[in-house]
Amino acid sequence: MRTTLRISRAAAVFTAVGALALTGCSDDGGKDNPDKSSGSGKGSPSSVVLPKLDGEKLSVAAVWTGTEQANFVKVLKEFENRTGAKVTFVPAQDPIVNFLGTKIAGGQPPDVAMIPQVGAIQQAAQKKWAKPVGPEAKAQLAKNYSKVWQDLGAVDGAQYGVYFKAANKSLIWYNAKAFENAGAAEPKTWKDFLKTAETVSASGVTPVSVGGADGWTLTDWFENIYLSQAGPEKYDQLAQHKIKWTDPSVKDALTTLAQLFGKPSLIAGGADGALQTEFPASVTQTFTGGDQPKAAMVFEGDFVGVNIAQTKAKIGTDAKVFPFPAVGAESPVVTGGDAAVALKDGKGAQALLTWLASTDAAQIMAEQGGFISPNKALDASAYPNEVQRTMAKALISAGDSVRFDMSDQAPQSFGGTPGKGEWKTLQDFLKNPKDIAGTQAKLESDAAKAYKS
């Protein structure tokens, strides 16, 4: 879920989202019919031709757990139905590059890994773990994906990754009853967001829940502010380390973030409490406790809906959403994604990449809810509710103007490792947001080492 997309005038698109209801996830409706699209039940022709793999055993590694894992297994089951192969899901741990390295060193790599960082794909290719995408999967990519999503899975001009999942990570979800009791309205700018937080606080409810125990949530806070405030060109430069983290634009973004992090009364549990709160709990504590939750708002992506589903709150009525507030001229929209990468040569691994690049596979996952596909050929009607359809349409309409999650573009040692690099430094910043210069210096020191290695 560490998953940067920038869509022009995204605020206008997502303002509409906040008023829409999210219904429960539907069953996949899959049938053991290799010639039909399993997800829709409409009997539409298959969008992809797959080889017969009777008796072949394959494994797929991913960091997904819970509902997300269960939904993905449905996609794998349909692949089994169509090919005759047997596919095993292998639970992986973060950082996934380290997990895969251990498997490869032991001579037991999975056939395919779902890799959530661009930087990790690059590392896998540079280490010669990853196998290039074959012609059948490339054909699916050319038919179903914008060039930007193909480029994100390429290293030095060679295609290695097939992006299966995307996420919009620029949403503020809020407890509607807490807002109503406080007389608060959805803010459109960062200045108004801080005012709204103070209004909610005055009503007796702590305004913001922060899942600081997971460093990736803090990188998302920074990236949204930076993209809106500094703009896409600077964002690209920082993502590629063409400018240093000591640049004044980074100082400006951290100063803005400190306007929230520097007021412990606005954060559930204060800084210490936030640093002990993992992402799932940051969501559930916002939507439990009736009109006296531990927090009124929580920031993160479309996948928050999966965690809200674990509470009694209903999205669209009890739980609503608004775009990340504009710090600069426009609200930012940040996305990331998970790409399938083959780690073994062979017909089976390549067939699985071809399947995951297909519209049929995307449809099965989309129908479950809590998922957005970068597959532009997927009919938006596959999504189970209007909220998801609106988010998906916005992502697809962005075309090649996307900006991917910055930390996921970085070497994993800097942008994707618990207790190290950007994750650790921003956790320290949450604890001491006055030390902006020290935070910049540490970020630059770690980034310089990571980008050289």
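The structure this text deals with has already been given above.
Throughout what follows, the structure given in this document is the object of discussion.

**Quick notes on the nonpolar core**
Logical step 1: Counting residues in each nonpolar core, the largest one holds 91 residues, and the members touching the most others are Phe-72, Phe-79, Trp-149, Phe-164, Trp-173 and Trp-355.
Logical step 2: Per element, the largest residue contribution to this core is six residues, and it comes from helix α15 (residues 347–356).
Logical step 3: Ile-172, Ile-225, Tyr-235 and Leu-426 belong to the second-largest nonpolar core, a separate cluster that totals 53 residues.

**Examining the sheet that holds strand β2 (residues 86–91)**
Logical step 1: Read across the open sheet, the five strands follow the order β2-β1-β3-β11-β6; overall the sheet is mixed. Bordering the open sheet on either side are β2 and β6 (161–168), each of which pairs with just one other strand. For this sheet, the mean inter-axis angle between neighbouring strands, taken without regard to orientation, is 20 degrees.
Logical step 2: Judged from the two bridges that link them, strand β1 (residues 57–62) and strand β3 (residues 112–115) form a sheet pairing that is parallel. Within the sheet, the bridge partner assigned to Val-60 lies in β3 and is Val-112.
Logical step 3: Packing of helix α2 (residues 66–83) onto the sheet brings it into contact with β1, β2, β3 and β6, and relative to β2 it is tilted by some 160 degrees.

**Observations concerning the sheet that holds strand β8 (residues 208–209)**
Logical step 1: Taken in spatial order, the four strands make up an open sheet running β8-β9-β7-β10, and their pairing is mixed. Edge positions in the sheet fall to β8 and β10 (319–323), since each of these pairs with one other strand and no more.
Logical step 2: Looking at chain direction, strand β7 (residues 171–175) and strand β9 (residues 297–300) are connected through four bridges and run antiparallel. Bridge pairing in β9 places Trp-173 opposite Val-298.

Calculation criteria
Residues numbered from 1 in each chain as written. Predicted model: local features only at pLDDT ≥ 70, side-chain atom pairs only at ≥ 80, totals over all residues. Heavy atoms only, no water. Core = buried A, V, L, I, M, F, W, Y, C linked by side-chain atoms within 4.5 Å. Buried < 20%, exposed > 50% of the residue type's maximum accessible area, 1.4 Å probe, protein only. Helix = DSSP H or I, 4+ residues; strand = E, 2+ residues; numbered from the N terminus. Pairing = 2+ DSSP bridges. Axes fitted to C-alpha atoms, helices over the stretch in contact; angles between N-to-C directions. Contact = heavy atoms within 4.5 Å.

What is shown is where atoms sit, not what they do.
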